[in-house]
Amino acid sequence: MKAKIPLVLEPRPEGGYTVTSPLLPELMTEGDTMALANVEDAFGAVVEIYQDRGRPLPSSL
């Protein structure tokens, strides 16, 4: 599934970044670089969680 979602990249004190989304609070990933490579996997996991719980994704996706 392709979607456009807002992302917040925050530098970690020890290096790397934490990535979250205000639209999907369950989405969180970290990485040594910009961590964007991990976002697709994290998004897929969040979609699966929503499906397993019978919850609709936010309509703005």
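Residues numbered from 1 in each chain as written. Predicted model: local features only at pLDDT ≥ 70, side-chain atom pairs only at ≥ 80, totals over all residues. Heavy atoms only, no water.

Draft legend 1. Layout of helix 1 (residues 36-52). Here helix 1 contains 17 residues, and its C-alpha end-to-end distance of 25 Å stays within 8% of the 24 Å for a straight helix at 1.5 Å per residue. Along helix 1, the positions that sit buried rather than exposed are Val39, Ala42, Phe43, Val46, Val47 and Tyr50. The buried residues of helix 1 all sit within an arc of 145 degrees when viewed along its axis, so they share a single face. When the buried face of helix 1 is taken as reference, the exposed residues oriented beyond 90 degrees from it are Ala37, Glu40, Asp41, Gln51 and Asp52. In this structure, the buried side of helix 1 is in contact with strand 2 (17-20) and strand 3 (28-31). Looking at the residues trailing helix 1, positive phi occurs at glycine 54, about 70 degrees. (Helix = DSSP H or I, 4+ residues; strand = E, 2+ residues; numbered from the N terminus. Expected span 1.5 Å × (residues − 1). Buried < 20%, exposed > 50% of the residue type's maximum accessible area, 1.4 Å probe, protein only. Arc of directions from axis to C-beta. Contact = heavy atoms within 4.5 Å.)

Draft legend 2. How the structure looks around the pairing of strand 1 (residues 8-11). For strand 1 and strand 2, the ladder comprises four bridges, and the chain directions are antiparallel. Its bridge partner lying in strand 2, proline 11 is registered against tyrosine 17. Where strand 1 folds back on strand 2, the antiparallel hairpin that results is connected by five residues, among which glycine 15 adopts a positive phi of roughly 110 degrees. (Pairing = 2+ DSSP bridges.)

Draft legend 3. Layout of the pattern of salt bridges. Here the structure, examined in full by the defined rule, presents four salt bridges. Its salt-bridge partner being glutamate 14, residue arginine 12 comes within 3.7 Å of it at the nearest N-O pair. The shortest N-O distance in the salt bridge between arginine 12 and aspartate 32 comes to 3.7 Å. In this pair, arginine 12 is assigned in the loop between strand 1 and strand 2 and aspartate 32 in the loop between strand 3 and helix 1, connecting sequence segments 20 residues apart. What emerges from the salt-bridge pattern is a single network uniting Arg12, Glu14, Glu30 and Asp32. (Salt bridge = Lys/Arg side-chain N within 4 Å of Asp/Glu carboxyl O.)

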